[in-house]
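One letter stands for each residue in the lines below.
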Amino acid sequence: MRSFSSPTPLDPSTKFRTNLKKRYPGTKRPPCVVQSLFDLASQGNLSQVVSSLDILVQKGIRLPSKALAHLLRQCGNARSLRYGKWVHLHLKLTGLKRPGTFLANHLINMYFKCGNDVEARKVFDRMSVRNLYSWNNMLSGFAKMKKLKAARRLFDELPERDFVSWNTMVIAYAQNGLSDEALWLYRELRRVSIGYNEFSFAGVLTVCVNLKALELTRQVHGQILVAGFSSNVVLSSSVVDAYAKCGKMGDARRYFDEMPVRDVLSWTTMVSGYAKWGDMKSASELFHRMPEKNPVSWTALIAGYARNGMGYEALTLFAKMIVFRIRPDQFTFSSCLCACAGIAALKHGKQIHCSLIRTNFRPNTIVVSSLIDMYTKCGSLETAHRVFNLLGNKQEVILWNTMISALAQHGHGKQAMRMFEDMARSGVKLDRITLVVILNACSHSGLVQEGLGIFNSMTGDHGITPDQEHYACLIDLLGRAGCFEESMTQIEKMPCKPGSRVWNALLGACRIQGNLELGRKAAEHLIELNPQSPDAYVFLSSIYAVLGRWELAEKVRQLMNKRRVRKEGAVSWIEIDNKVHAFTVSDRLHPMKEVIYSVLKELARHSSFLNTER
């Protein structure tokens, strides 16, 4: 009886020969092996191509340099270090232990793309002849891997530099936040007069954006115009972004309007800029004029609405985004959850959470922390805690910070302390924000000794020097407990001059405890530091009124009017038929004012009836 068994798998070299026969049937000898390798490599069959190199070695065939370079390029693009090393071994076996400059450059590029700078450096060091491309290749590799010290050493050793060498270093420093070094090298590039291209301005524009440096932006903008690169869309978008970051939306808009070609990035930059500075009318108008929108454009406007207290508008736009089948990303979901938190829209927050689960959205730190924050601010602390506990990987400090802050907001100071201790035991390295939120937790729960212990151990145990925000938390902690003498002692001991946050914390504590004299001093300091702070004026005026100093109270009010300081009115929200309505005290402009006031009258009548019954 004949037995049937599964066929024996073909080894890669047999597969290669079989594929050649299938591809070119009826021929005794397959056509160009090189072209076949090119085809297979381009189709992503790297394992088959690389494994088949042994056949070429056995037959004494050496591939031409261009074919080997193409193969190394494919290995680098696939980030396959294993196959890249195999090709490198093939070079050695076929007599190219020390490949020429052309192939060595491709080897260096492949190793850097695969994240192995050690092997790249070995190839570079063994090169008998190096051209300028070899040096720039090494510079670019180190820069992309953020090995800036190694890149700088190599840059200093360069026997010859062109503008590509300088551009690489300027961009590397700028992208890694080392603005001073980037600016110094950019100025040196301009001084040596070896020429430049459009990339020469990319790094310094990144510095302009990072530093929000208006004068520098104007200088670079002028240099771009003189150099004749104003038609470059990427550079023009960066100039617009730099003006927007500096708050000069008028300059940004003028340059944007002058651009001969505008891509989706330049439009989105303008929308994002308007949204950041609170001009949501202009942001919305420009967004709706965009000829093409991408998820980033939608998210920029949604985030702007959420950031500027327009939660309902943010959620409405998100709903439209879903209708148009635009796929939201983590930043979109995070912004929408922030909008829900801002207007306490638990129902909408739950719907977004369900959408995340339904679409198998991979949870990440940004979205999970936003979920925790949303449930907390919507009054569902238990659900927030459940979200935190269900997360498998809790090594991100922001998640712990968000959960500790949630417990602090609900007055669960002891639970926050336990979580703080759990965090330390889990090996997560805390940051300055962790200490801010735990000090706030102690403050709101009256845990004075615990808070003092944490504050005093900041530098010694955690290597974090207290800043203005930490001192503000400490003053709030002591002030709420009525320890005003110790509060003033801590303010006097501060290594720097106390800022508005510290005096604001003391003012708040004085308001709670009724300490009028110290509150007056705090308010005066606060007005001096922050002339636009309405709370300080109002509190100072009320103190003078309580003390019977009416002329001083009137002077404070007059000063407030002179400086055009306005106290922000409180806003309340109510959801009716899936629509959120916002209204203020004595609001006579709301379209449902008649219904609202009739309900208030009924509540007031009901309240007085109950009081009479008692």
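The name that an unreviewed UniProt entry assigns to the chain is Tetratricopeptide-like helical domain containing protein, with the source organism given as Trema orientale.

K.L.:
In this structure, what is going on with the overall build of the chain? I would like to understand it.
P.N.:
In terms of helices and strands, the chain carries 36 helices and two strands. By residue count, 45% of the 614 residues in the chain fall in the buried class. Taking the intrachain contacts of the chain between residues at least 6 apart in sequence as the baseline, contacts between residues at least 24 apart amount to 57%. If you sum the accessible surface of the chain, you get close to 33,600 Å²; carbon and sulfur atoms cover 53% of it.

K.L.:
Help me out: how do you make sense of empty space enclosed by the protein in this one?
P.N.:
Left-over empty space is what a probe sized like a water molecule reveals as it rolls over the atoms. Throughout the structure, instances matching the rule amount to three cavities of 30 Å³ or more. In this structure, the second largest cavity occupies an estimated 40 Å³ of space. In terms of lining residues, the second largest cavity is bounded by Ala-69, Leu-72, Arg-73, Gly-76, Asn-77, His-106, Asn-109, Met-110 and Lys-113. In terms of residue count, helix 5 (residues 65-77) provides more of the lining of the second largest cavity than any other element does, five residues in total.

K.L.:
Is there a simple way to think about the nonpolar core in this case?
P.N.:
When a protein is soluble and globular, its nonpolar side chains tend to lie buried together. In this structure, Ile-438 and Leu-506 are the most contacted members of the largest nonpolar core, which totals 177 residues. In contact with Ile-438, other than residues within four places in its own chain, are Ile-404, Ala-416, Met-417, Phe-420 and Ile-454.

K.L.:
How do you make sense of the packing of helix 34 (residues 534-546) against helix 35 (residues 550-562) when you look at a structure like this?
P.N.:
Think of two packed helices as two axes; the pair is described by the angle between the axes and how far apart they sit. Here helix 34 crosses helix 35 at 165°, and the two axes come no closer than 7 Å. By the criterion of interaxial angle, the relationship of helix 34 to helix 35 is roughly antiparallel. Between helix 34 and helix 35 lies a crossing of left-handed hand. Contacts between helix 34 and helix 35 pair Pro-534, Tyr-537, Val-538, Leu-540, Ser-541, Tyr-544 and Ala-545 from the former with Trp-550, Leu-552, Ala-553, Val-556, Arg-557, Leu-559 and Met-560 from the latter. Across the contact of helix 34 with helix 35, the residue classes break down as 12 nonpolar, one polar and one charged.

K.L.:
Quick question: what am I supposed to make of helix 28 (residues 448-456) here?
P.N.:
Note: α-helices contain 3.6 residues per turn, so residues at a spacing of three or four share the same orientation. Listing the buried residues of helix 28 in full gives Val-448, Gly-451, Leu-452, Ile-454 and Phe-455. The arc that holds every buried residue of helix 28, seen down its axis, measures 160°, which confines them to one face. Among the exposed residues of helix 28, those oriented more than 90 degrees off its buried face are Gln-449 and Asn-456. The elements touched by buried residues of helix 28 are helix 26 (413-425), helix 27 (432-445), helix 29 (458-462), helix 30 (468-480) and helix 31 (484-493).

K.L.:
Explain the UniProt feature "repeat: PPR" (unreviewed entry) in the chain to me, please; I cannot follow it from the model alone.
P.N.:
When the UniProt feature table is mapped to this numbering, "repeat: PPR" (unreviewed entry) covers residues 131-165, 232-262, 263-293, 294-328 and 396-430. The span residues 131-165 is 74% helix and 0% strand, and its two end C-alpha atoms sit 13 Å from each other. Across residues 263-293, the secondary structure splits into 74% helix and 0% strand, with the terminal C-alpha atoms separated by 10 Å.

K.L.:
Is there a simple way to think about the pattern of salt bridges in this case?
P.N.:
Opposite charge on two side chains allows them to pair when their charged atoms are near. Within the structure shown, the criterion is met by 20 salt bridges. For Arg-432, the salt bridge goes to Glu-469, with nearest N and O atoms at 2.7 Å. Residue Arg-432 is found in helix 27, and its partner Glu-469 is found in helix 30; the two are separated by 37 residues along the sequence. The residue Arg-520 makes a salt bridge to Glu-517 at a minimum N-O spacing of 2.4 Å. You can see Arg-520 and its partner Glu-517 sitting in helix 33 (residues 516-529), three residues apart, about one turn around the helix.

K.L.:
What should I look at first to understand the confidence of the model for the chain in this one?
P.N.:
Detailed reading of the predicted model is not advised wherever pLDDT is low. Looking at the chain as a whole, its pLDDT mean stands at 85, while 87% of the residues score no less than 70. Of the regions scoring below 50 in pLDDT, residues 1-31 engages in 24 contacts with residues more than four places distant in sequence or in other chains.

Here is what the cut-offs are and how they apply
- Residues numbered from 1 in each chain as written.
- Predicted model: local features only at pLDDT ≥ 70, side-chain atom pairs only at ≥ 80, totals over all residues.
- Heavy atoms only, no water.
- Helix = DSSP H or I, 4+ residues; strand = E, 2+ residues; numbered from the N terminus.
- Buried < 20%, exposed > 50% of the residue type's maximum accessible area, 1.4 Å probe, protein only.
- Contact = heavy atoms within 4.5 Å.
- Areas by Shrake-Rupley, 256 points an atom, 1.4 Å probe, with all protein chains shown as cover.
- 1 Å grid on protein atoms, 1.4 Å probe; cavity = no way out; pocket = protein on both sides within 12 Å on 5 of 7 lines; lining within 4 Å.
- Points joined across faces, edges and corners; volume = space filled by probe spheres on them.
- Core = buried A, V, L, I, M, F, W, Y, C linked by side-chain atoms within 4.5 Å.
- Axes fitted to C-alpha atoms, helices over the stretch in contact; angles between N-to-C directions.
- Parallel < 35°, antiparallel > 145°, perpendicular 65-115°, else oblique.
- Left-handed = near helix turned anticlockwise from the far one by under 90°.
- Nonpolar A, V, L, I, M, F, W, Y, C, P; charged D, E, K, R; others polar.
- Arc of directions from axis to C-beta.
- UniProt positions renumbered as here; feature names shortened; annotations may be inferred.
- Salt bridge = Lys/Arg side-chain N within 4 Å of Asp/Glu carboxyl O.
- pLDDT = per-residue confidence, 0-100.

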